[in-house]
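Structural overview for review
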Amino acid sequence: MFGLGRDLWSDSHQDFGDALEDRIRFFAEECDSLQGFQVLADSDNGFSGLASRLNDLLMDDYSGKSVIKFPVSRPVPPEYNFNKCAAVLANSALAISSMLDEGLVSPLSLAQDWFPLKTRTTQFPHLDYNPVLDYHSSGILASAIDTATLIYRQKGDSGVRMSDVISGLSSGQRSLASLSVSLPVFLTDTNTFETDTFTKMTHLLPAASDQPSRSLNEEMSTSSIQERRPHLYTLRGLLKTALFKHRSSEYSGFGTPEEYLEQCAATQNMTALPRMYCHTKPLKTVRPFPQIFKPEISIDGQILTKVRTPGETVQVLPVLTSWSTGAQAQASLGSLATRAKKLNVAKLPRLLD
């Protein structure tokens, strides 16, 4: 539970907090140019409390560095009963609320709701995964994280740092982000990006919704550019110059592939103020990546009209991610707050102490 994890940090008998602090300091001092920290931690159990204390440490000792936090929860709890599901909800609410003060918080889960239900897990059009297996669900989430963070993880000076991503996405004091993925990118012809590619992405945040709240809908009625929310799109594994070369005449006035793709995204998502980053190398899906792909996916990640030859495995995938603090994050946070209010904290032991 959340409280048990926080207590473990300061337990004088186990000396856990001091030991972890020493390890972080050792690796931080070994870095030539430390941008910040990416924190991945379970949010649905006692590790949520440890993650909260770790966040406090980073805010105090490394206040000049950026921190992006990824609270992760299983799509299906190991034990399925009302108390266990309520504990998942309570731990997630406490963990996320404790991290929102600084940096960017991007919760991840293949559950459709903050209160996990066995039959309500996220489905992907071209994946056939088992939500009970952490091996499968972690492969999907890791693919999204690896792709979305490419922009600030390039060797040399890419011109974009972790702090730029945080400040860009969290404009307007919003620090809860939603990550969506297209795995693999759905392509039928070269002009697919102009029609529906950016509308076929799968949310990796419970209770995320493409529909803005009523107040946001009222704001968007004026169609003002200032009312759009920043979206960071990352496309990997496709040659951007080829996409740009085959654009339709409607988009002939754009000078770069990024400008062209950003306009495609803005046209399909009326709440987005898009920024596009393109990376040539696709996602590698050889072992130990789980082979969770449906038969119509070719060995190079393309969608076929016939099934893959038996014995062949998918080697690489083109991937598209979207990262934002817009309507999806707003809907998810509202759902989390609504469900958490209904909990009887007294019936959840070691939650707060």
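Whatever comes next refers back to the structure up there.
Structural notes, computed from the coordinates. (Residues numbered from 1 in each chain as written. Predicted model: local features only at pLDDT ≥ 70, side-chain atom pairs only at ≥ 80, totals over all residues. Heavy atoms only, no water.)

**With respect to the overall build of the protein chain**
Threshold: The secondary structure listing takes helices from DSSP runs of H or I that are at least 4 residues long and strands from runs of E that are at least 2 residues long, numbered from the N terminus. For a compact globule the rule gives 2.2 Å times the number of residues to the power 0.38, and the radius of gyration it is set against comes from C-alpha atoms. Type-normalised accessible area, obtained with a 1.4 Å probe on protein chains alone, sets the label of each residue: buried when under 20%, exposed when over 50%, and partly exposed for intermediate values. A contact between two residues is defined here by any heavy atoms of the two lying within 4.5 Å. Each accessible area is a Shrake-Rupley result for a 1.4 Å probe, and residues are judged covered by the shown protein chains and nothing else.
From N to C terminus, the protein chain includes 10 helices and 10 strands. Against the 2.2 N^0.38 benchmark of 20 Å for 353 residues, the protein chain shows a C-alpha radius of gyration of 21 Å, consistent with a compact globule. Reported as C-alpha extents along the three principal axes, the dimensions of the protein chain are approximately 65 × 50 × 45 Å. Counting over 353 residues, the protein chain shows a buried share of 49%. For the protein chain, restricting intrachain contacts to residue pairs at least 6 apart in sequence, the fraction spanning at least 24 positions comes to 79%. When the accessible surface of the protein chain is summed, it comes to about 17400 Å², and 52% of that surface belongs to carbon and sulfur atoms.

**Digging into the packing of helix 1 (residues 2-9) against helix 3 (residues 47-61)**
Angle between the axes and distance between the axes: these two values describe a pair of packed helices. Applicable threshold: Angular values range over 0 to 180 degrees, each being the angle between N-to-C directions of two axes fitted as lines to C-alpha atoms, with helices fitted over their stretch in contact. By definition in this entry, angles of less than 35 degrees are roughly parallel, angles greater than 145 are roughly antiparallel, angles of 65 to 115 are roughly perpendicular, and the rest are oblique. It is the rotation of the near helix from the far one that decides the hand of a crossing: anticlockwise by less than a right angle makes it left-handed, clockwise makes it right-handed. Any residue outside Ala, Val, Leu, Ile, Met, Phe, Trp, Tyr, Cys, Pro, Asp, Glu, Lys and Arg is labelled polar, Gly included; the first ten of those are nonpolar and the last four are charged.
Axis separation between helix 1 and helix 3 bottoms out at 6 Å; the angle between their running directions is 50°. What the angle tells us is that helix 1 and helix 3 run oblique. Here the hand of the crossing between helix 1 and helix 3 comes out right-handed. Contacts from F2, G5, R6, L8 and W9 of helix 1 reach helix 3 at S48, G49, L50, S52, R53, L54, D56 and L57. For the contact of helix 1 with helix 3, the per-class residue count stands at 6 nonpolar, 4 polar and 3 charged.

**Some points on the packing of aromatic side chains**
To keep it simple, the criterion reads: Stacked, edge-to-face and tilted are the three classes for Phe, Tyr and Trp ring pairs, Trp counted by its six-membered ring, which pair at centre distances within 6.5 Å; planes under 30 degrees apart are stacked, over 60 edge-to-face, the rest tilted. Two limits define a charge over a ring: the Lys NZ or Arg CZ must be within 6 Å of the ring centre, and within 35 degrees of the ring normal.
Here the structure, examined in full by the defined rule, presents 12 aromatic pairs. Between the aromatic rings of F26 and F27, the centroid separation amounts to 5.2 Å while the plane-to-plane angle is 80°, which identifies the pairing as edge-to-face. In this structure F27 comes out as exposed when scored by relative accessible area, which is 55%. Aromatic side chains F37 and Y62 sit 5.1 Å apart centroid to centroid with 65° between the ring planes, which places their arrangement in the edge-to-face category. Within this pair, whereas F37 is found in strand 1 (residues 36-42), its partner Y62 is found in the loop between helix 3 and strand 2 (66-72), the two being separated by 25 residues in sequence. Here F37 and Y62 have matching classes, each one buried. Ring pairs connect the aromatic residues F244, Y251, F254 and Y260, which therefore count as one cluster. The aromatic ring of F244 is capped on one face by R247, whose charged end is 3.8 Å from the ring centroid.

**Overview of empty space enclosed by the protein**
What counts, and what does not: Put simply, the grid is 1 Å and covers the protein atoms alone, a cavity is a trapped set of points that fit a 1.4 Å probe, a pocket is an open set with protein on both sides within 12 Å along at least five of seven lines, and lining residues have an atom within 4 Å of a point. Grid points are joined across faces, edges and corners, and a volume is the space filled by probe spheres set on the points.
Taken as a whole and judged by the stated rule, the model has 1 cavity of 30 Å³ or more. The computed volume of the largest cavity comes to approximately 40 Å³. S73, R74, V88, S92, S109, A111, D113, W114, P116 and P206 are the residues that line the largest cavity. Its residues assigned to classes, the lining of the largest cavity shows 5 nonpolar, 3 polar and 2 charged.

**Comments concerning unusual backbone geometry**
Between L183 and the following residue, P184, the backbone shows a cis peptide bond with an omega angle of -5°. Mapped onto the fold, P184 is located in the loop between strand 4 (178-182) and strand 5 (202-203). Backbone geometry places A207, a non-glycine residue, at a positive phi of 60°. Tracing the backbone shows A207 in the loop between strand 5 and helix 7 (214-220).

**Some details on the packing of helix 2 (residues 16-30) against helix 3**
Contact geometry for helix 2 and helix 3: axes closest at 12 Å, N-to-C directions at 50°. Relative to helix 3, the element helix 2 lies oblique. Every pair of crossing elements has a handedness; the one defined by helix 2 and helix 3 is right-handed. Taken together, the residues of helix 3 that come into contact with helix 2 (itself represented by F16, L20, E21, I24 and R25) are L50, L54, L57, L58 and D61. Looking at side-chain class alone, the contact of helix 2 with helix 3 contains 7 nonpolar, no polar and 3 charged residues.

Bear in mind that shape data such as this cannot, by itself, settle questions of function.
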